[in-house]
Amino acid sequence: MCGRFALTATPDQTAALLGLAELEDFPARYNIAPTQPVLMALAGPPRAPGSNLPDRQAMLVRWGLIPAWVKDTREFPLLFNARSEGAAERASFKAAMRHRRALVPASGFYEWRQTAGKKGQPYWIRPKHGGLVAFAGLVETYAEPGGSEMDTGAILTVHANADIAHIHDRMPVVIAREDFDRWLDCRTQEPRDVVDLLRPAPLDFFEAIPVSDLVNKVANTGPEIQERGVVRPEPEKVRRQKPGADESQMTLF
């Protein structure tokens, strides 16, 4: 799962990764959460012959995809992630997988390792060698009953690689830079043509840093939430004994 991520690079760095002409200025965001606006890049209309301008376009979308066929959003779940396995056949994502595949720039993401306690241990998971990554995203434009339109989106996930699996069994799909064109090309590349891109990141691509539970609260948006924290030890399991048993004696039960 990917329920929080960060984008702390500059607009110029982000535009360079995505192959965009330019981006409007935006601040570093350390704790992006579902329902908030997120930046995505899609394939734009073809450029005129001889043009040296990029054919990709940026857009802000609400993180939480709403399919076009939804009648009442109040009764529809928040789809901020989409399982890549079967996304091309699932009704909620089928149209977006065919027509509106996108890239989601990120400096990394957060995940929680569940323990025996009520609260999980949060980790900041970032590229081991720094820089930005692009998650696989989907975009759907939802027409509200009043007539206005809202662009919405989700991040595709896949089963976690061995570096992340001890924290969580899912991770966002990372699209390599050399595969950007193929992933975004919805004119000639059908979902079956890009399914090979929906795979876990290579081993040693990410590093997981334990952080404090400051990230749990959406209102905390500063860089301090990425500071290394102390991993809480898991509580020891209490061995149940029969009434009257002597703790100094060995037992087979």
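The structure this text deals with has already been given above.
Residues numbered from 1 in each chain as written. Predicted model: local features only at pLDDT ≥ 70, side-chain atom pairs only at ≥ 80, totals over all residues. Heavy atoms only, no water.

Caption draft 1: Layout of the overall build of the protein chain. Scanning the protein chain from N- to C-terminus turns up four helices and 12 strands. Out of the 253 residues belonging to the protein chain, those deemed buried represent 44%. In the protein chain, once contacts between residues fewer than 6 apart in sequence are set aside, the share between residues at least 24 apart is 67%. Summed over its atoms, the accessible surface of the protein chain is roughly 14300 Å², and 52% of this surface lies on carbon and sulfur atoms. (Helix = DSSP H or I, 4+ residues; strand = E, 2+ residues; numbered from the N terminus. Buried < 20%, exposed > 50% of the residue type's maximum accessible area, 1.4 Å probe, protein only. Contact = heavy atoms within 4.5 Å. Areas by Shrake-Rupley, 256 points an atom, 1.4 Å probe, with all protein chains shown as cover.)

Caption draft 2: The arrangement of the nonpolar core in detail. Counting residues in hydrophobic clusters, the biggest one holds 61 residues, and the most contacted among them are F5, F135, L156 and W183. Considering every element that reaches this core, the biggest residue donor is strand β9 (residues 133–143), with seven residues. Other than its neighbours up to four places away in sequence, W183 contacts M97, R101, A102, L103, A136, G137, L156, I175, V194, L197 and L198. A6, Y30, V215 and I225 belong to the second-largest nonpolar core, a separate cluster that totals nine residues. (Core = buried A, V, L, I, M, F, W, Y, C linked by side-chain atoms within 4.5 Å.)

Caption draft 3: Inspection of the sheet that holds strand β12 (residues 206–210) at higher detail. Ordered by their spatial adjacency, five strands build an open sheet running β2-β1-β7-β8-β12, and the pairing between neighbours is antiparallel. Pairing within the sheet leaves two strands with one partner each, and these edge strands are β2 (29–32) and β12. Sheet twist, expressed as the mean angle between neighbouring strand axes with direction ignored, is 25 degrees. Looking at chain direction, strand β8 (residues 121–127) and β12 are connected through five bridges and run antiparallel. When the bridges of β12 are listed, P127 appears paired with F206. (Pairing = 2+ DSSP bridges. Axes fitted to C-alpha atoms, helices over the stretch in contact; angles between N-to-C directions.)

By themselves, these figures tell us nothing about what the structure is for.
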